[in-house]
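# What the coordinates show
Each chain, letter by letter, is given below.
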Amino acid sequence: MYKAVIGLEVHTELNTKSKMFSGSKNEYTKEANANISEIDLALPGILPLPNIEGVRKALKLAMCLNCETPDEVMFDRKNYYYADLPKGYQLTQMTRPFGKNGYLDIDVNGKSKRVRIHQLHLEEDSASMTHESTYSLLDYNRAGVPLIEIVTEPDMNTIDEVVEYLENLRSIIKYAGISEASSEKGQLRVDVNISMMKEEDTTLGTRAEIKNINSFNTVKEVIAYEMKRQEELLSSGGKVVQETRRWADDEKKTVSMREKVDAIDYRYYVEPNIPVVKLNSEFKEEIRKSIPVLPMERMKKYVSLGVSEKDAKSIVREKSISDYFDEVLLYNIDARDASNWLTTRLMGYMNQNNLTIDEVYLRPDMLASLVSLVNTGKISSQQAKDVFVFSLEEEKTPLEIVKEKGMEQISDEETIREMVREVISSNPNQYEAYKSGKTALLGFFVGQTLKVSEGKANPAVVNKLVQEELNK
Amino acid sequence: MKDKSILELRSLIDEGKITSEEVFNESIKMANDSQGTVNAFVTIIDKYSKEESDSLLSGIPYALKDNFSTKGILTTGSSNILKDYIPVFDSTVYKKLKEAGAVLMGKTVLDELAMGGSGLTGHTGIVRNPLDNTRITGGSSAGSAAAVAMGTVPFAIGSDTGDSVRKPASYCGVVGFKPTYGRISRWGMFPFASSLDHVGVLTRNVMDAAIVTDVIKGKDEKDMTTLEDESFKYSENLESSLEGKKLFYIKEILESAALGEAKEVASNFYDVIHKLKEKGCIVEEISFRKDLLEVIYPTYFIISCAESTSNNSNLTGFIFGPRGKGDTPEEVMINTRSEGFAEMIKRRFIIGSYILERENQEKLFLNAKRVRNMIVTEMNKLFEKYDGLVLPAAGGVAPKINPSEEVDRLGDEYLLLENHLAIGNFGGYPSITLPSGFIGNMPIAVNLTCKVKDDLNCLQIAYQIEKTLGGER
Amino acid sequence: MISIEELKKYSKKLEFYMNDEEEYATLAKEFEILLKQVDKIDKIEGIKEYEPMSFPFPLDDAYLRRDEVTMSLDRLDAFSNCKDVKNGCVSVPKVVA
């Protein structure tokens, strides 16, 4: 009946050392007003000092999102009055945004979809406020922190698509090293623009905007609520009001903030204190070259090498893990095996011991050698599990462990046959039972032989020879 | 020390005939004595303080317009909205002068927030012309011009957005120099209209203007619009010859000087031209599009109102300045701003805001910016052929004080002679006003404007003009 | 002609009001003069062929600032002019959501 039409505006705080238009520190801190300067406070007579790293990061993200990028740097003033806006205007981009007409391709339930990026621009964050009983407190630590705003076209129609877009976007942002993108630290904020329309409608419905959502889970809740609210309103003959709403988490609903009918005119104009800086092609090329292979592409590569989609997704979730896996793959071992080891054993170990992949002792070459040891039959897969544990505990390479502990798998048939015969002769009752039809006892003899060999005997060979000897 | 130039004071101090502290004391005494009549100062420094330096300005007293931030010293912009504001950082100009050993003796009155041209709108009261107390000094650098004219200081710093250094210089009979845009850093200077604002210098003679500019010019990493450093000093290269220099003046502007005082101004101007020609200078009359000349003032007015509205949006009383009452932040803002701004300023802001409204920008704001482009383009073409534009600085002597009326420059009688100095701001050109004569006992002046970054040439020619006209006062 | 009502709306948007009602009338007159001038400007021959100018001249060596921490204001200094400081923050009457 009705389908949702959703556009998103995502704000991400950049991880530059200093703020966007001032030289004060850009660092998350719990101490109020610790990272401030006269520029952040908009004291009379200050001038804006644009940060080159902010520009680089914005261009980098624009390129990651396939946007057209400009040849010059220009900023504009967005004029309005609010307690958290010291200058009475925000420095942002209207005339020459750093990205236009880009896109991000997503994959939802096997179907591919393109979400178009309308615009990407660089701007500064406002101060933060805490509200007490009769007064509000202004903390200017956040005032002036660089922000990139990414605005999509209203191309999404379901919660799944929205989540997929957001997850991918965050992943790209982190891969590009632009932002920590931590929701807890408020470094990634989402505004949702949503309207409903009937399939047969040709024009979009009236939209509501829900601002400043801090977590992806809340985004899901907001959209689900709004879809229901708007659909109920429209079905009963009512009209959706064009307005700004906020999510009231305690009541689990969206609440109207102010009607957008009398939209604020921000009286934009070009910032006169920042002369136009030309972006030459070398500068832009350098940025383009610094873009790493992005998660989607990496996933496709892993899957094509035999890695399961689930494992591939797990691996690309963090760039450092994916980089680690890429290194492992350089050693020409089976990708699927390597991914299993990485996702089940190594990542499990990391979680238990609160270690990052860069802190863990087992380096990519070591993981590769472990997989190789198993696949060439030098050790059994059972032994490999032990080698893995020993290697991490004793901080020695798998090869060293195998050597030291004499764990090389025995595959020599002569030697194993001796063991099998020994086991058979030491277990006459089970032998009789087997001969008289209890063929399940095969497992017993295999197990005993492995025990005698202290786990070193190649299970496949043991199996084969036990069968041979029993069936003589 | 009254009426002494910088170099004259320099010798007196160096020869031990007077100490810089004595000079300072004399200066503040003169200032205090004059407050009842001229009222040039918002603040007169009471304690002598000076940094060690061997520069030419060491020990020389000066006045600073009260829109330049001085750490620990009241800086009000001559507005009630900042009447108790004490900056916590220095403007670059102040910092450089301090480091050069110059001695700040006072902060001078301006038209409120630099938005005016009379000297009558500062929050501490009107400034009267020291040469004739019934007349204005002009503005907005009213107090700075008066301080130099009175002889309390050999130099003062001002700011010039449409003519705010160069017009009061004319009315007060002193030299007013506005270098190229970006030559002097605006860090710490309260902004009026950022794309038109310039730092300027008021002195008794051209050499002093060069000396002061040498000290305060330079690239500043805190002001992205500043120009690259020059390897030479203006004051050491001022000597040149008028022989072969090519100047032009605008026919339409002189033709408009048909009646009364303006006619005398034109007569004085032609006299000056004649003297320059005798020295081998080429001076030619050029025709300039009258339709563009006629809209110089509205163009300036539109751009400056629009920019000023935005530049003063930080004045809310939250972090600094007097704070109005209120139960919500918005009420506080409204009361602070309603009480803090004078009515004239509010009218300018409303006009400025209207100009920037989305539906008005094309016809109002953008068109004015296009006219700016047209005028600058035409001027740049002329500067390819000529060293400078010379014109009378004003249409007459300093007008009489009429406290109830701002000089109506937007009215139907456009006075081309009154409004052309804004060309120097549109294009960021170096421009200097120098006294050229008297009508009765009130001074009049000529103005020289040269092409962008040609500050040295501008000062050199001005220096020669000054010599030709009989030197300093 | 701009109405007094409209002018009051504009002044509200700028977060102030005129203390004196007469001021709005003065302002309306100023608007009238200004708008006449604006019409004159609009009729200037060739005006649309020119780009609106935002800077007096282009700065060929314009550059961007290196990403380094170079400024910091001590909290006491920063708020030395503030009329209401609480818990190291600027305090204002409560913002209504």
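Residues numbered from 1 in each chain as written. Chains lettered and ligands numbered in written order. Predicted model: local features only at pLDDT ≥ 70, side-chain atom pairs only at ≥ 80, totals over all residues. Heavy atoms only, no water.

Turning our eyes to something else, we now look at the overall build of chain C. Of regular secondary structure, chain C possesses three helices and two strands. Of the regular secondary structure in chain C, the N- to C-terminal order runs α-α-α-β-β. By the compact-globule yardstick of 13 Å for 97 residues, chain C is too spread out, its C-alpha radius of gyration being 23 Å. Along the first, second and third principal axes, the C-alpha atoms of chain C reach 55 × 50 × 25 Å. A total of about 5600 Å² of accessible surface is found on chain C, and carbon and sulfur atoms cover 51% of it. Put simply, chain C has 15 plus and 21 minus side-chain charges, and the middle of one group is 6 Å from the middle of the other. (Helix = DSSP H or I, 4+ residues; strand = E, 2+ residues; numbered from the N terminus. Rg over C-alpha atoms; globule rule 2.2 N^0.38 Å. Areas by Shrake-Rupley, 256 points an atom, 1.4 Å probe, with all protein chains shown as cover. Lys, Arg positive; Asp, Glu negative; His and termini not counted. Charge placed at Lys NZ, Arg CZ, Asp CG, Glu CD.)

One open sheet accounts for four strands, arranged S7(A)-S8(A)-S2(C)-S1(C); its pairing is antiparallel. In the strand order of this sheet, the two ends are held by strand S7 (128–131) of chain A together with strand S1 (85–86) of chain C, each with one partner. Sheet topology places S7 of chain A next to strand S8 (residues 135–139) of chain A; four bridges connect them, and they run antiparallel. In the sheet register, His-131 of chain A faces S8 of chain A, and the bridge partner there is Ser-136 of chain A. (Pairing = 2+ DSSP bridges.)

Residue and element names in this part refer to chain C. Here chain C averages 93 in pLDDT, and 99% of its residues register 70 or above. Per-element averaging of pLDDT across chain C places helix H1 (residues 4–13) at the bottom with 91 and strand S2 (residues 89–93) at the top with 97. The ipTM for the predicted assembly is 0.96, set against a pTM of 0.91. (pLDDT = per-residue confidence, 0-100.)

We now examine the interface of chain C and chain A. Counting residues at the interface gives 31 residues for chain C and 48 residues for chain A. Between chain C and chain A, roughly 3300 Å² of surface is buried when both sides are summed, and carbon and sulfur atoms account for 65% of that area. On the chain C side of the interface with chain A, the three residues burying the most area are Leu-64, Arg-65 and Asp-67 of chain C, jointly 24% of the side's total. Remark: the boundary between chain C and chain A carries one salt bridge. Between Arg-75 of chain C and Glu-31 of chain A there is a salt bridge, with the nearest N and O atoms lying 3.9 Å from each other. Summed over the shared surface of chain C and chain A, the number is 20 residue pairs in polar contact (both at pLDDT 80 or more). Elements with a minimum of two residues in the side of chain C that touches chain A: helix H3 (75–78) and S2 of chain C. (Contact = heavy atoms within 4.5 Å. Buried area = accessible area lost by both parts, 1.4 Å probe. Salt bridge = Lys/Arg side-chain N within 4 Å of Asp/Glu carboxyl O. Polar contact = N/O pair within 3.5 Å; in protein donor to acceptor, adjacent residues only side chain to side chain.)

Residue and element names in this part refer to chain B. Looking only at helix H1 (residues 6–14), the buried set comprises Ile-6, Leu-9, Arg-10 and Ile-13. The buried residues of H1 occupy an angular sector of 105 degrees when projected down its axis, which confines them to one face. Structurally, H1 contributes buried residues whose contacts are with helix H2 (20–34), strand S2 (61–65), strand S6 (155–160) and helix H6 (206–216). Gly-16 lies just past H1 and shows a positive phi near 75 degrees. (Buried < 20%, exposed > 50% of the residue type's maximum accessible area, 1.4 Å probe, protein only. Arc of directions from axis to C-beta.)

This paragraph deals with the nonpolar core. In this structure, Tyr-140 of chain A together with Phe-155, Ile-157 and Ile-432 of chain B are the most contacted members of the largest nonpolar core, which totals 192 residues. Here this core gets 10 residues from one element, more than from any other, and that element is helix H13 (residues 358–385) of chain B. The next biggest cluster of nonpolar side chains, apart from the first, holds 103 residues, and it includes Cys-64, Val-73, Phe-283 and Ala-368 of chain A. (Core = buried A, V, L, I, M, F, W, Y, C linked by side-chain atoms within 4.5 Å.)

Let's shift gears to helix H14 (residues 442–452) of chain A. Residues and elements named next belong to chain A. Every buried residue belonging to H14 is among Leu-442, Phe-445, Val-446 and Thr-449, and all of these are buried. All buried residues of H14 lie within an arc of 100 degrees about the axis, which places them on one face of the element. Contacts made by the buried residues of H14 are with helix H12 (413–426), helix H13 (428–435) and helix H15 (459–470). Glu-454 occupies a position one or two residues after H14 and carries a positive phi of about 55 degrees.

Okay, empty space enclosed by the protein next. Evaluation of the coordinates by the stated rule reveals nine cavities of 30 Å³ or more. Size it by volume and the largest cavity reaches roughly 190 Å³. Around the largest cavity, the lining comprises 21 residues; the ones closest to its centre are Pro-44 and Gly-45 of chain A together with Pro-191, Asn-311 and Asn-314 of chain B. Considered class by class, the residues forming the lining of the largest cavity number 12 nonpolar, seven polar and two charged. (1 Å grid on protein atoms, 1.4 Å probe; cavity = no way out; pocket = protein on both sides within 12 Å on 5 of 7 lines; lining within 4 Å. Points joined across faces, edges and corners; volume = space filled by probe spheres on them. Nonpolar A, V, L, I, M, F, W, Y, C, P; charged D, E, K, R; others polar.)

Enumeration over the complete set of coordinates arrives at 29 aromatic pairs over all chains. Look at Tyr-85 of chain B and Phe-190 of chain B: their rings are 6.3 Å apart centre to centre, the planes differ by 50 degrees, and that puts the pair in the tilted class. Residue Tyr-85 of chain B is located in the loop between S2 and helix H3 (92–99), and its partner Phe-190 of chain B is located in the loop between strand S7 (175–178) and strand S8 (198–203); the two are separated by 105 residues in the primary sequence. Relative accessible area serves as the criterion here: at 7%, Phe-190 of chain B is assigned to the buried category. When the ring centre of Phe-232 of chain B is taken as reference, the NZ or CZ atom of Lys-217 of chain B above it lies at 5.3 Å. Its guanidinium or amino end placed over the ring of Tyr-135 of chain A, Lys-86 of chain C lies 4.4 Å from that ring's centre, counting from NZ or CZ. (Phe/Tyr/Trp six-rings, centres within 6.5 Å; stacked < 30°, edge-to-face > 60°. Lys NZ or Arg CZ within 6 Å of the ring centre and 35° of its normal.)

Residue and element names in this part refer to chain B. Spatial ordering of the open sheet is given by S1-S3-S2-S6-S8-S7-S12-S13-S11-S9-S10, a layout of 11 strands whose pairing is mixed. The open sheet has two edge strands, strand S1 (41–44) and strand S10 (282–286), and neither has a second partner. Looking at each pair of strands side by side, their axes are set apart by 30 degrees on average, direction ignored. In this sheet, S6 lies alongside S2 in parallel orientation, the contact comprising three bridges. (Axes fitted to C-alpha atoms, helices over the stretch in contact; angles between N-to-C directions.)

Next up on the list: the interface of chain C and chain B. Across the contact, 61 residues belong to chain C and 77 residues belong to chain B. Both sides of the chain C and chain B interface together cover about 6000 Å² of buried area, and 64% of this is carbon and sulfur. Interface area lost by chain C to chain B is led by Glu-15, Tyr-50 and Met-53 of chain C, which between them contribute 11%. Among the ionic pairs, Asp-39 of chain C bridges to Lys-363 of chain B, the shortest N-O distance being 2.8 Å. Summed over the shared surface of chain C and chain B, the result is 24 residue pairs in polar contact (both at pLDDT 80 or more). Taken together, the elements giving at least two residues each to the side of chain C that touches chain B come down to H1, helix H2 (22–42), H3 and S2 of chain C.

A separate point is the side chain of Asn-141 of chain A. Residues and elements named next belong to chain A. Tracing the backbone shows Asn-141 in the loop between S8 and strand S9 (146–152). Within polar-contact distance, the side chain of Asn-141 engages the backbone oxygen of Glu-31 at 2.8 Å. Residues contacting Asn-141, with those up to four places away along its chain left out, are Lys-19, Thr-29, Glu-31, Ala-32, Asn-33, Ala-34, Asn-35 and Ile-36.

Our next topic: unusual backbone geometry. Residue Ser-140 of chain B is reached from Gly-139 of chain B by a cis peptide bond, and omega for that bond is 10 degrees. Within the element layout of this structure, Ser-140 of chain B appears in the loop between strand S5 (132–136) and helix H4 (142–150). Phi is positive for Asn-39 of chain B, close to 60 degrees, though the residue is something other than glycine. Counting through the fold element by element, Asn-39 of chain B comes out in the loop between H2 and S1. Despite not being glycine, Asn-87 of chain C has its phi angle at roughly 50 degrees, a positive value. Considering the arrangement of structural elements, one finds Asn-87 of chain C in the loop between S1 and S2.

What follows covers the pattern of salt bridges. By the definition in use, this model includes 76 salt bridges over all chains. Glu-209 of chain A is the partner of Lys-211 of chain A in a salt bridge, and the nearest nitrogen-oxygen pair spans 3.3 Å. On the accessibility criterion, Lys-211 of chain A (29% relative accessible area) is partly exposed. Taking the relative accessible area as the measure of exposure, Glu-209 of chain A reaches 5% and is therefore buried. Residues Asp-84 of chain C and Lys-86 of chain C are paired through a salt bridge, measuring 3.2 Å at the closest nitrogen-oxygen approach. Here the salt bridges share partners, and the residues they tie into one network are Glu-413, Arg-417, Arg-421, Lys-464, Glu-468, Glu-469 and Lys-472 of chain A.

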